[in-house]
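Residues per chain, in single letters:
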Amino acid sequence: MKAKHVRLAALRDTRPDRTYRLSWLRGTRWINGQLEIQAIFVAESLEPADVVPCWIRASDFPFLILGSRWYRGVMVGKPLGLRRLLIPKAQSYRPRGVAMLSDGKKLNVHPSYALAEGGGNNPVLEFEGFDEGDEHPLRTYLPLTEVYRSTYFGIPIALPGILGGLISGAMANPRFEPWDPDGTAWIDRPREARITPARALPQELAKRLARFIFSEHGKAALLSIHRWTQSSFAAPDINKTGKAKPWLPIVPLPYERAVWDASVVELPVDENGRRQVLVLHIESFDAPEPFNELEIVAPPSTESGGDGDGQGGRGGMLLEPAPREPVDDVEDGWDPQLEPVAIDDIIARDERVRRRLPRVVRSEARERGPGSRGGSKVIEVDKVSTQASGATNKGAAPLVFTDDDPTAEPAESLRHSIQAIRRAVESVVSRHQKHGLTAYARFLPSDSRVFEFRVPASNSERAKTLAVSRQYVIAEVSVGRRFAYVIEPERRSEHQPLPLGVAWMTGAKGSIRHAAFSTEDIHRLAQAIETAAREGHSWIRKAAEFGSIGVRPVIHAAGSPPSPDGVKRFSDRISAQLMAVIGDPIAISQPKTSGMARVS
């Protein structure tokens, strides 16, 4: 499985022969319209003072785990020492500064956890904690950065709303609102609450947002972050110079008590012989929610068209523009002793949210207002994720989709293509099954949903705002361990040069590798398709530039809408290309013919 690895572009220029450790975080600045955090990395070498300060964009905050190890810009290790800690009074804490040397007013974490430089402005919060099953308290120090990483800045798509003060009311640009403030309010306080997330925000993240929107402590933290942003970065000269400013404000956790599964460092006992631990990474937490029931308002199904109606970046997962340089490959010159860390392994899991099954309602034509319920109807609740996962040796495609991958109901313009694709993949699977081969076909992410991505023309904020979502029909065909994918990008006009494509993973010199696609491969294809559409040519040639993906084009049936015979001919062309990639069933099954005959 080729997982989506944790990467930091800011570390691209570090020495490729060294591994670095994230020592501490110390400063903030506002530059080019975004918040950045200064991180201190230390090379694992014998040379003294091999320290690399880097400015990291706040949207990468979930990656900034203290003590994590990095090689060629990719995370290759997380801190060890996992413990289960009970925090009975999460609102009873004391801020402590951190120092490299002994200081009566500040916490000295040496020698257990050596800082590369002074602690800067990143304090720790001291709590009374307990090891699970132990009645003896221990002084538990949680860096302020981990409070932000595990909660408030753990949802990058919500950052504009948090920094922009959405908790106090609507923003000037609704496209940056991760939730609708008019549709997010108590229905029956303190029992039942309602949140109306943006279309690009999946249910799992909406549940996490609701935790601190409706928590008094969480709401106070959001207000504090907004006021700090205004007071620290509102001056025009700051925006021009990018000068470093004071550290993040001290904010409370959005719960009264919690259980943490955390990576910790055991510090020396204090002057009274009391045990002390420094928390580096909260892997998961289980804490009470501020409500008993949560209602999530889902967007109307009619909004999933993605037809370029000029409504900007509404809906769809925001992907970066297609890179101009070759896509990184961790296998190229990679140290085989290092294993890249997947993104799913670094996000702090909210165990209570994972267990919650909220009531989901469709937004109807109704008056907007806090807690208004007119016209809403209860619909069936999906599972947390309908995405596919599994290992190839178990007969399942190794596709791992994150919470940031939104899905939608297919647009009407895709109906005939879906009909042709379904007929084609069922035909190919049936032909192989008749020869005793294990074969299946399925639509991703599910039979009734499609992916919806939007790719800006550049990395500018304006381009990201104006990017329009496009739907993608993706069908997977598997015969044994051979995989092929039928990919249909939504065409916003009949003449847009976006043919359907049959895609596969390639090996050396363009040979078919028969491997399954990862999430990253699907994202790369979406980036290539959008770039090709802007340039006015077929995306098949653009996808070939990646060097690891092969695509065969299939031209659309003529006519709009196509005739039934046209759809059938279109389906037959898809089947022919699938057979060319998967292989003829007689040839595939030939080596097993004699053995099968004896069984029969």
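Within each chain, residues carry numbers counting from 1 in the order of the written sequence. Side-chain atom pairs in this predicted model are given and counted only at pLDDT of 80 or more, local residue features only at pLDDT of at least 70, and totals for whole chains, interfaces and linings cover all residues. Side-chain figures throughout are based on the complete set of non-hydrogen atoms in the structure, without hydrogens or water.

1. Notes on the overall build of the protein chain
Then step 1. Helix numbering and strand numbering both begin at the N terminus, where a helix is a DSSP run of H or I of at least 4 residues and a strand a DSSP run of E of at least 2. The secondary structure content of the protein chain amounts to 13 helices and 25 strands.
Then step 2. Exposure classes here rest on a 1.4 Å probe applied to the protein chains alone. A residue is buried below 20% of its type maximum, exposed above 50%, and partly exposed in between. Counting only residues that meet the buried cut, the protein chain has 53% of its 600 residues in that class.
Then step 3. Residues count as neighbours in contact if any of their non-hydrogen atoms are within 4.5 Å of one another. In the protein chain, the share of contacts with a sequence separation of at least 24, taken over all contacts with a separation of at least 6, comes to 70%.
Then step 4. Only the protein chains shown count as cover for residues, and the accessible areas themselves come from Shrake-Rupley with a 1.4 Å probe. Approximately 27100 Å² of the protein chain is accessible, and the part contributed by carbon and sulfur atoms is 50%.

2. Looking at helix H3 (residues 203–213)
Then step 1. Burial within H3 is extensive, with 10 of its 11 residues counted as buried.
Then step 2. Taken together, the buried positions of H3 are occupied by Glu-204, Leu-205, Ala-206, Lys-207, Arg-208, Leu-209, Ala-210, Arg-211, Phe-212 and Ile-213.

3. Let's talk about the nonpolar core
Then step 1. Only buried residues count toward a nonpolar core, which is a set of Ala, Val, Leu, Ile, Met, Phe, Trp, Tyr and Cys residues joined through side-chain atoms within 4.5 Å. Of all hydrophobic cores here, the largest spans 92 residues; its most connected members are Phe-41, Tyr-152, Phe-153 and Trp-260.
Then step 2. What Tyr-152 contacts, discounting residues up to four positions off in sequence, is Val-147, Ile-162, Phe-212, His-217, Gly-218, Ala-221, Leu-222, Ile-225, Val-251, Pro-252, Leu-253 and Pro-254.
Then step 3. In this structure, Phe-443, Ala-475, Val-479 and Ile-574 belong to the second largest nonpolar core, which totals 31 residues.

4. Concerning the environment of Thr-19
Then step 1. Residue position: Thr-19 is located in strand E1 (residues 19–31).
Then step 2. For Thr-19, a relative accessible area of 12% corresponds to the buried category.
Then step 3. In this structure, the C-alpha to C-alpha distance between Thr-19 and Val-74, residues 55 residues apart in sequence, is 9.7 Å.
Then step 4. Contact partners of Thr-19, with chain neighbours within four places excluded, come to Val-42, Ala-43, Glu-44, Arg-69, Trp-70, Tyr-71, Val-76 and Leu-338.

5. Here we look at the environment of Arg-139
Then step 1. Mapped onto the elements, Arg-139 comes out in strand E10 (residues 137–143).
Then step 2. A C-alpha to C-alpha distance of 9.2 Å links Arg-139 and Val-269, two positions 130 residues apart in sequence.
Then step 3. Filtering out sequence-adjacent residues up to four positions away, Arg-139 remains in contact with Arg-94, Arg-96, Glu-126, Phe-127, Asp-270, Glu-271, Arg-274, Arg-275, Gln-276 and Val-277.

6. Overview of the pattern of salt bridges
Then step 1. Here, a salt bridge means any Lys or Arg side-chain nitrogen found within 4 Å of an Asp or Glu carboxyl oxygen. For the structure shown, the criterion picks out 43 salt bridges.
Then step 2. In this structure, Arg-356 engages Glu-289 in a salt bridge whose closest nitrogen and oxygen atoms are separated by 2.6 Å. On the criterion of sequence distance, the pair formed by Arg-356 in the loop between helix H6 (351–355) and strand E18 (359–362) and Glu-289 in the loop between strand E14 (276–286) and strand E15 (293–298) is long-range, its members being 67 residues apart.
Then step 3. By sharing partners, the salt bridges in this structure join Asp-188, Arg-191, Glu-192, Arg-194, Glu-293, Glu-295 and Arg-359 into a single network.

7. Quick notes on helix H11 (residues 564–582)
Then step 1. A rise of 1.5 Å per residue sets the reference length of H11, with its 19 residues, at 27 Å; its end C-alpha atoms lie 27 Å apart and thus fit the reference within 8%.
Then step 2. Looking one or two places after H11, you find Gly-583, whose phi comes out positive at around 110°. Multiplying 1.5 Å by the residue count of a helix minus one yields the expected span of that helix.

8. A few points about the packing of aromatic side chains
The geometry of two aromatic rings is summed up by the distance between their centres and the angle between their planes.
Then step 1. Under the pairing criterion, centres of Phe, Tyr and Trp rings, with the six-membered ring standing for Trp, must be within 6.5 Å; the plane angle then separates stacked pairs below 30 degrees from edge-to-face pairs above 60, leaving the rest tilted. For the structure shown, the criterion picks out 15 aromatic pairs.
Then step 2. Consider the rings of Phe-214 and Phe-291, whose centres lie 5.9 Å apart with planes at 80°: the pair is edge-to-face. Linking Phe-214 in the loop between H3 and helix H4 (216–233) with Phe-291 in the loop between E14 and E15, this pair joins segments that are 77 residues apart in sequence.
Then step 3. On the basis of relative accessibility, which here comes to 6%, the residue Phe-214 falls in the buried class.
Then step 4. Pairwise contacts between aromatic rings join Phe-61, Tyr-148, Tyr-152, Phe-153 and Phe-212 into one cluster.
Then step 5. Put simply, a charge is over a ring when the Lys NZ or the Arg CZ is close to the ring centre, within 6 Å, and near the line of the ring normal, within 35 degrees. Lying across the ring of Tyr-113, Arg-21 places its NZ or CZ 5.5 Å from the centre.

9. Description of the confidence of the model for the protein chain
Then step 1. Confidence scores here are pLDDT values: one per residue, from the predictor, ranging 0 to 100. For the protein chain, per-residue confidence averages 80 on the pLDDT scale, and 81% of positions sit at 70 or higher.
Then step 2. Counted against residues more than four places away or in other chains, residues 365–404, with its pLDDT under 50, gives 96 contacts.
Then step 3. The low-confidence segment residues 592–600, where pLDDT is below 50, has 2 contacts with residues more than four positions distant or belonging to other chains.

10. Re the pairing of strand E3 (residues 51–57)
Then step 1. Only one face of E3 is buried: it carries Val-52, Cys-54 and Ile-56, and the other face, with Val-51, Pro-53, Trp-55 and Arg-57, is open.
Then step 2. Here strand E2 (residues 34–43) runs beside E3; their pairing, made up of 7 bridges, is antiparallel. Directly across from Glu-36, in E3, lies its bridge partner Arg-57. Strand pairing is assigned whenever DSSP identifies at least 2 bridges connecting the two strands.

11. Observations concerning the sheet that holds E15
Then step 1. Read across the sheet, 4 strands follow the order E11-E12-E15-E18 without closing on themselves; strand pairing throughout is mixed. Taken across any chain shown, the strands that pair with only one partner, and hence form the sheet edges, are strand E11 (185–188) and E18. Put simply, the sheet's adjacent strands are angled 30° from each other on average, direction ignored.
Then step 2. Examined bridge by bridge, strand E12 (residues 192–195) and E15 share 4 bridges and lie parallel to one another. Within E15, the residue paired with Glu-192 across the bridge is Glu-293. Every axis corresponds to a line fitted to the C-alpha atoms, with the helix fit spanning only the stretch in contact, and the corresponding angles, defined between N-to-C directions, vary from 0 to 180 degrees.

12. Some points on the sheet that holds strand E5 (residues 74–77)
Across a sheet, paired strands are connected by hydrogen bonds in the backbone, their directions being either parallel or antiparallel.
Then step 1. Pairing is antiparallel across the open sheet formed by 5 strands, whose spatial order is E3-E2-E1-E4-E5. In this open sheet, the two edge strands, each paired with only one partner strand, are E3 and E5. Going across the sheet, the axis of each strand differs from the next one's by a mean of 45°, ignoring polarity.
Then step 2. Where H4 meets the sheet, its contacts fall on E1 and E2, and the angle it forms with E1 comes to roughly 70°.

13. Side note on unusual backbone geometry
Peptide bonds are, in most cases, trans, and in most cases residues other than glycine have a negative phi.
Then step 1. A cis amide bond, omega -5°, links His-110 with the succeeding residue Pro-111.
Then step 2. Structurally, Pro-111 is set in the loop between strand E8 (106–108) and strand E9 (124–131).
Then step 3. Note the cis peptide between Arg-189 and Pro-190, where omega equals 0°.
Then step 4. Relative to the elements of secondary structure, Pro-190 occurs in the loop between E11 and E12.
Then step 5. A positive phi is found at Arg-72, a non-glycine position, where the angle reads about 55°.
Then step 6. By secondary structure assignment, the location of Arg-72 is in the loop between strand E4 (69–71) and E5.

14. Some remarks on the side chain of Asp-261
Then step 1. Within the element layout of this structure, Asp-261 appears in strand E13 (residues 258–267).
Then step 2. Not counting residues within four places of it along the chain, the set of residues in contact with Asp-261 comprises Leu-82, Arg-83, Arg-84, His-281, Ile-282, Glu-283 and Ser-284.

15. Description of the packing of helix H7 (residues 415–433) against H11
Then step 1. In contact at an axis separation of 8 Å, H7 and H11 are set at 45° when each is read in the N-to-C sense. In this view, H7 runs oblique relative to H11, as classed from their interaxial angle. Considering only the axes of H7 and H11, their crossing is right-handed. On H11, the residues that touch His-416, Ser-417, Gln-419, Ala-420, Ile-421, Arg-423, Ala-424, Val-425, Ser-427, Val-428, Arg-431 and His-432 of H7 are Val-567, Lys-568, Phe-570, Ser-571, Asp-572, Ile-574, Ser-575, Leu-578, Met-579 and Ile-582.
Then step 2. Amino acids are sorted into nonpolar (Ala, Val, Leu, Ile, Met, Phe, Trp, Tyr, Cys and Pro), charged (Asp, Glu, Lys and Arg) and polar (every other residue, Gly among them). Considered class by class, the residues forming the contact of H7 with H11 number 11 nonpolar, 7 polar and 4 charged. In these notes the angle categories are as follows: under 35 degrees is roughly parallel, over 145 is roughly antiparallel, 65 to 115 is roughly perpendicular, and the rest is oblique. Crossing handedness follows the turn of the near helix against the far one: under a right angle anticlockwise gives a left-handed crossing, and clockwise gives a right-handed one.

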